[in-house]
Amino acid sequence: MAAHKQEKQEKQQEQTKDQDVVAMILKDHRTMEDLFRRMRSVEADRAGALAKFSALLIAHGEAEEAEVYGALKRFKDVDNEEVEHGTEEHAEGNEALLALLEVSEVGSEEWDSRLEELVKAVSHHLDEEERTILNGARENVPDERRAELGAAFLQERERHLAADCGSVENVRAVVRG
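Residues numbered from 1 in each chain as written. Predicted model: local features only at pLDDT ≥ 70, side-chain atom pairs only at ≥ 80, totals over all residues. Heavy atoms only, no water.

(A) Representation of empty space enclosed by the protein in the model. One pass over the full model with this rule turns up one cavity of 30 Å³ or more. The volume enclosed by the largest cavity comes to roughly 90 Å³. Lining the largest cavity we find 13 residues, and of these Leu57, Glu89, His90, Val122 and His125 sit closest to its centre. Put simply, the parts of the chain that give the lining of the largest cavity at least two residues each are helix 2 (21-40), helix 3 (46-73), helix 4 (80-101) and helix 5 (109-140). Residues belonging to the lining of the largest cavity are distributed by class as follows: four nonpolar, seven polar and two charged. (1 Å grid on protein atoms, 1.4 Å probe; cavity = no way out; pocket = protein on both sides within 12 Å on 5 of 7 lines; lining within 4 Å. Points joined across faces, edges and corners; volume = space filled by probe spheres on them. Helix = DSSP H or I, 4+ residues; strand = E, 2+ residues; numbered from the N terminus. Nonpolar A, V, L, I, M, F, W, Y, C, P; charged D, E, K, R; others polar.)

This is the structure in structure tokens:
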């Protein structure tokens, strides 16, 4: 009986780990970096990579702001100023994304220049968020709460993805508030 109980606890812990909001956010960050590499590669479908990136960036940022950032502010040792700063950096990344989406010719000099501005804005945010907000969340937010936040984040993210959130019209609406 004790072995069954331990097995059940281990399964629950594994499930909690799968839904950990920190792990989900980090997975999205690595996907964004991969899409940057594809957008820079002349051999890749750069327009396709941009479309995927656009949808992911908007859905990810909107879900973080709606479901994660506010909840993290309630925890001691999660830096509230960094959480607020993360929201500002989302806006900067969204503006850089819109500037790239509005360039008509993929791979043109202007497109490449705007891509580098986007990479710079988003990479800065990913690095800072991982060092400040996510490390604080990993250390100070209980596993069960991180799993709850992960489920809420995923649901909100999927809702945005299903609504074609990466379209230039939607990105314009997000940027203009």
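From this point, things continue past the structure.
(B) Representation of the side chain of Glu128 within the structure. Looking at the element boundaries, Glu128 is found in helix 5. Those residues within four positions of Glu128 in sequence are excluded, and the remaining contacts are Glu82, His85, Glu89 and Ile133. (Contact = heavy atoms within 4.5 Å.)

(C) Quick peek at helix 2. The terminal C-alpha atoms of helix 2, which comprises 20 residues, lie 29 Å apart, in line with the 28 Å expected from a rise of 1.5 Å per residue. Inspection of helix 2 places Val21, Val22, Met24, Ile25, Asp28, His29, Met32, Leu35, Phe36 and Met39 among the buried residues, and these make up the whole buried set. End-on view of helix 2: buried residues confined to an arc of 160 degrees, all on one side of the axis. Opposite the buried face of helix 2, by more than 90 degrees, sit the exposed residues Lys27 and Arg37. (Expected span 1.5 Å × (residues − 1). Buried < 20%, exposed > 50% of the residue type's maximum accessible area, 1.4 Å probe, protein only. Arc of directions from axis to C-beta.)

(D) Spotlight on the packing of aromatic side chains. Within this structure, the stated rule accounts for one aromatic pair. For the pair Phe36 and Phe53, a centre-to-centre distance of 4.9 Å together with 35 degrees between the ring planes defines the contact as tilted. You can see Phe36 sitting in helix 2 and its partner Phe53 sitting in helix 3, a full 17 residues away along the chain. For the pair formed by Phe36 and Phe53, the shared burial category is buried. (Phe/Tyr/Trp six-rings, centres within 6.5 Å; stacked < 30°, edge-to-face > 60°.)

(E) Summary view of the pattern of salt bridges. All chains considered together, the criterion is met by 15 salt bridges. Here Glu116 makes a salt bridge to Arg40, at a shortest N to O gap of 2.6 Å. Of this pair, Glu116 sits in helix 5 while Arg40 sits in helix 2, placing them 76 residues apart in sequence. Across the pair Arg46 and Asp112 runs a salt bridge whose closest N-O atoms are separated by 2.7 Å. With Arg46 in helix 3 and Asp112 in helix 5, the pair connects residues that are 66 residues apart, well separated along the chain. Taking the relative accessible area as the measure of exposure, Arg46 reaches 11% and is therefore buried. Residue Asp112 is classed as partly exposed on the basis of its relative accessible area, which comes to 30%. What emerges from the salt-bridge pattern is a single network uniting Asp20, Asp143 and Arg146. (Salt bridge = Lys/Arg side-chain N within 4 Å of Asp/Glu carboxyl O.)

The values reported here are purely geometric and, on their own, carry no functional implication.
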